[in-house]
Amino acid sequence: MTVPVDTTYENVLDILGINQETVLLLKDKKAVPIDGIAVPGNLTIMCIASQG
């Protein structure tokens, strides 16, 4: 996926239609802030929402 420079991870989730409150973002196995600037490379989007 290619996004404009200065795109935040929050913007990426919006583009993908993913609710930011239901996921954890990991870059190189470390959590990244939702308002951080997206950088090239692999991003893991892990669902953390529980159903109950």
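This one's a predicted model, so the numbers in the text were calculated from it and none came from an experiment. (Residues numbered from 1 in each chain as written. Predicted model: local features only at pLDDT ≥ 70, side-chain atom pairs only at ≥ 80, totals over all residues. Heavy atoms only, no water.)

Undergrad: Kindly report on the sheet that holds strand β3 (residues 44–47), identifying the contributing residues and their values.
TA: As summarised here, the arrangement of the 3 strands in space is β2-β1-β3, forming an open sheet in which the pairing is antiparallel. Whereas interior strands pair on both sides, the edge strands pair on one side only; in this sheet they are β2 (30–31) and β3. With 4 bridges connecting them, strand β1 (residues 23–27) and β3 associate as antiparallel partners. Looking at the pairing, Leu 24 lines up with Met 46 of β3. Contacts from helix α1 (residues 9–16) reach β1 and β3, with the element oriented near 120° to β1. (Pairing = 2+ DSSP bridges. Helix = DSSP H or I, 4+ residues; strand = E, 2+ residues; numbered from the N terminus. Contact = heavy atoms within 4.5 Å. Axes fitted to C-alpha atoms, helices over the stretch in contact; angles between N-to-C directions.)

Undergrad: I'd love a proper account of the environment of Leu 26, names of residues and values included.
TA: When you line up the elements, Leu 26 lands in strand β1. Each C-alpha atom, one on Leu 26 and one on Asn 42, is 8.8 Å from the other, the two residues being 16 residues apart in sequence. Excluding residues within four positions of it along the chain, Leu 26 makes contact with Ala 31, Asn 42, Leu 43, Thr 44 and Met 46.

Undergrad: Tell me about the nonpolar core, and name the residues and values.
TA: Judged by nonpolar contacts, Tyr 9, Leu 13, Val 23, Leu 25 and Val 32 together constitute the single largest core of 5 residues. At the level of elements, α1 and β1 are the ones that each hand at least two residues to this core. Beyond its immediate sequence surroundings of up to four residues, Leu 13 is in contact with Ile 18, Gln 20, Val 23, Leu 25, Ile 34 and Ile 45. (Core = buried A, V, L, I, M, F, W, Y, C linked by side-chain atoms within 4.5 Å. Buried < 20%, exposed > 50% of the residue type's maximum accessible area, 1.4 Å probe, protein only.)

Undergrad: Which residues make up the pairing of β1, and what values go with them?
TA: Burial analysis of β1 places 4 of its 5 residues in the buried class, which makes it a mostly covered element. Between β1 and β2, which pair antiparallel in sequence order, lie 2 residues; one of them, Asp 28, sits at a positive phi of approximately 55°.

Undergrad: Provide a residue-level description of unusual backbone geometry, including the pertinent values.
TA: Here the phi dihedral of Asp 28 falls at roughly 55°; this positive angle occurs in a residue that is not glycine. Tracing the backbone shows Asp 28 in the loop between β1 and β2. One non-glycine residue with positive phi stands out, namely Lys 29, at about 65°. Tracing the backbone through its elements, the reader meets Lys 29 in the loop between β1 and β2.

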